[in-house]
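Inside the fold
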Amino acid sequence: MSIKDKMWHKQSLDKYLAKDDQFIKSMNAFDLMALGIGAVIGTGIFILPGTVAALKAGPGIMLSFIVAAVVCSLAAMCYAEFSSAMPIAGSAYSYGNVIFGEFIGWIIGWALILEYMLAVAAVSTGFSAYFSSLLQGFGLAIPKVLNGPFDPAHGTYINIVAVIIVWLISWLLSQGMKQSVRINNIMVIVKISIIFIFLLVGIFYVKPANWHPFLPFGKIGVLQGASTVFFAYLGFDAVSSSAAEVKNPQRNMPIGIIGTLIVATALYILVAVVLTGMVSFRELDVANPVAFALQKVGQNWAAGIISIGALAGMFTMMITMVYSSSRLIYSIGRDGLLPKSLGRLQGKHHLPQHSLIIVTIIISFLGGLVPLDQLTNLVNIGTLIAFTFVSIGIIPLRKHNEIKHNGFHVPWSPVLPIISALACIGLMLTLSLETWIASLIWFAVGMVIYFSYGIRHENIS
């Protein structure tokens, strides 16, 4: 087979299903929603509603969340159909191999590696900062040399908390999905409970006068706010990585993905409504707007509660993304585009332990030693590339002779999938030039790996 033929050869869905059949199917719809909510509802819920209201949308931030949710729901429905029709590991990477061919699948997979690993590395440093702040409240402190990226000029050599938390999560995931899901579910319940504490306390201090003017920056402010808070919803796509480990995926995958988006939207809007009602939006341009609002109304005790909620939010996000990263690397190794040892399942729990270890090493290196300030925008472009291909892929999916599915279908196809793809492309065009340059470098590295190793060792064909 020529290189060109290999690049565009499409994988058989039946072969993928046979390869992934060793996974233990243990997750239900509630577990999937907990994974999704764990990824989507992070520290952003305690920060974004305040800062975006102050700078872009005013009290109209609640409309911004609705607009962003509508755009995001288009991609979510496309993911729901794919995961229902093709309950295999690897998420959009595997979908791309079946629908578009090996080369497009690799591009999607390389984009997802960028999204998942950088997202966890960035959040691990945020977890470290919150944890250090919490320790200071008890009069304790982490030595400076162990509390930052490798930067001898400023006296820091490693962010030890960021490294430890990633390895702790990896160890937890290595104990089997049943145990991991149970702990994740508990942490998600803790996080949502803390959000409800804020809502129940804050609602008694809401003053409708604070919602006037409702649109101080005009309609354009609502749209600008929507483009910013759109990224608060990212993470639901990681749920699709678990399809091979789900009971009755035709029913449970759409519930998990779409249910995640519905719950996340409701929580974001409720927090925005109460927050902007408690305090004038003009005062919310602070690093911790939710804690600030509670202190403003005299509820100082709640600031510590919010910190615990933020830690829980980051912990569950990292669980979902480390889990998804390991399944993605497993899937690429399964196809031979990366070393085949990464595509094998090991141990009594039938888990991809080798890929989990590699993912953990890379993430802990990035989180512990590398300053990530300029790299986090790359998470957005990696996500949007995957969203675009998944959206447009609904059209050939419906025409695929091998795939007959009776699960969820995106309504009004092909109109909604095309709108979804165009919306994702539009959001990509709003990203900075620096982000595009960095992403081009990342994909150039990916092309070198693909043509020097992947295409020579692949076993898709």
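Details of the structure are given in the entry above.
An account of the accompanying structure is given in this report. (Residues numbered from 1 in each chain as written. Predicted model: local features only at pLDDT ≥ 70, side-chain atom pairs only at ≥ 80, totals over all residues. Heavy atoms only, no water.)

1. Looking at the overall build of the protein chain
Definition in use: The way it works is that DSSP assigns letters per residue, a run of H or I at least four long becomes a helix, a run of E at least two long becomes a strand, and they are numbered from the N terminus. To get the radius of gyration, use the C-alpha atoms; to get the globule rule, take the number of residues to the power 0.38 and multiply by 2.2 Å. Exposure categories follow from relative accessible area, calculated using a 1.4 Å probe and restricted to protein chains: below 20% of the type maximum is buried, above 50% is exposed, and the middle band is partly exposed. Should any heavy atoms of two residues lie within 4.5 Å, those residues are considered in contact. Residue-level accessible areas treat just the shown protein chains as cover; the underlying method is Shrake-Rupley with a 1.4 Å probe. Residues scored as charged are limited to Lys and Arg (positive) and Asp and Glu (negative), so that His and the chain ends carry no count. All charge positions are set by atom: Lys at NZ, Arg at CZ, Asp at CG, Glu at CD.
Secondary structure summary: the protein chain contains 17 helices and zero strands in total. Relative to the 2.2 N^0.38 estimate, which gives 23 Å for 461 residues, the radius of gyration of the protein chain is 22 Å and therefore close to what a compact globule would have. Oriented by its inertia axes, the alpha-carbon framework of the protein chain measures out at about 70 × 50 × 40 Å. Per-residue burial over the protein chain gives 58% buried out of 461 residues. A fraction of 83% describes how many contacts in the protein chain between residues 6 or more apart in sequence connect residues 24 or more apart. Just so you have it, the protein chain exposes about 18,100 Å², and 69% of that area is on carbon and sulfur atoms. Side-chain charges in the protein chain split into 26 positive and 18 negative, and the spacing between the mean points of these groups amounts to 4 Å.

2. Topic: the packing of aromatic side chains
For clarity, the cut-off: In this analysis, rings of Phe, Tyr and Trp, with Trp reduced to its six-membered ring, are considered paired at centre separations within 6.5 Å, and the interplanar angle assigns stacked below 30 degrees, edge-to-face beyond 60, and tilted for intermediate values.
Considering all chains together, one arrives at 19 aromatic pairs under this definition. Each ring, one from Phe-82 and one from Tyr-95, has its centre 4.9 Å from the other, and the planes form 15°; the classification is stacked. Here the residue Phe-82 occupies a position in helix α5 (residues 61-85), and Tyr-95 occupies one in helix α6 (residues 92-99), the gap between them amounting to 13 residues. Residue class for Tyr-95 comes out buried when judged on its relative accessible area of 2%. Linked through ring pairs, Trp-8, Phe-103, Trp-106, Trp-110, Trp-442, Tyr-450 and Phe-451 together constitute an aromatic cluster.

3. Observations concerning helix α17 (residues 433-457)
The cut-off we apply is this: Helix span, as expected, comes to 1.5 Å for every residue beyond the first. Consider a residue and the seven residues that end there alongside the seven that start there; fitting an axis to each set, the bend is the angle between those axes.
For α17, which comprises 25 residues, the first-to-last C-alpha distance of 35 Å matches the rise-based estimate of 36 Å (1.5 Å per residue) to within 8%. At Tyr-450, α17 is deflected by roughly 45°, the largest bend along its length.

4. Section: the environment of Leu-275
For Leu-275, the position within the fold is in helix α11 (residues 249-278). Its relative accessible area of 0% is what places Leu-275 among the buried residues. Setting aside anything within four residues of it in sequence, one finds Leu-275 in contact with Pro-49, Gly-50, Phe-198, Leu-284, Pro-289, Val-290 and Ala-293.

5. Side note on the layout of surface pockets
The condition that has to hold: A cavity here means a set of 1 Å grid points, computed over protein atoms only, where a 1.4 Å probe fits but cannot escape. A pocket is an open set with protein on both sides within 12 Å along at least 5 of 7 lines, and lining residues have an atom within 4 Å of a point. Grid points are joined across faces, edges and corners, and a volume is the space filled by probe spheres set on the points. Just so you know the grouping, Ala, Val, Leu, Ile, Met, Phe, Trp, Tyr, Cys and Pro go in nonpolar, Asp, Glu, Lys and Arg go in charged, and all remaining residues, Gly too, go in polar.
Space inside the second largest pocket adds up to approximately 300 Å³. For the second largest pocket, the lining is made up of 15 residues, of which Trp-110, Ile-113, Met-117, Ile-362 and Trp-442 are closest to its centre. Those elements that provide at least two residues to the lining of the second largest pocket are α7 (102-136), α14 (353-369) and α17. Of all the elements, α7 adds the most residues to the lining of the second largest pocket, at five residues. For the lining of the second largest pocket, the per-class residue count stands at 15 nonpolar, no polar and no charged.

6. Details of the nonpolar core
For the record, the criterion: Definition used in this section: a nonpolar core is a set of buried Ala, Val, Leu, Ile, Met, Phe, Trp, Tyr and Cys residues joined via side-chain atoms within 4.5 Å.
Formed by 146 residues in total, the largest nonpolar core has its most connected members in Tyr-79, Met-86, Phe-198, Tyr-233, Phe-236, Tyr-268 and Phe-387. Per-element accounting of this core gives the leading share, 19 residues, to α7. Setting aside anything within four residues of it in sequence, one finds Phe-387 in contact with Ala-75, Tyr-79, Phe-230, Leu-234, Phe-236, Asp-237 and Cys-424. Counting five residues, the second largest nonpolar core, distinct from the first, contains Phe-23, Ala-89, Ala-244 and Tyr-330.

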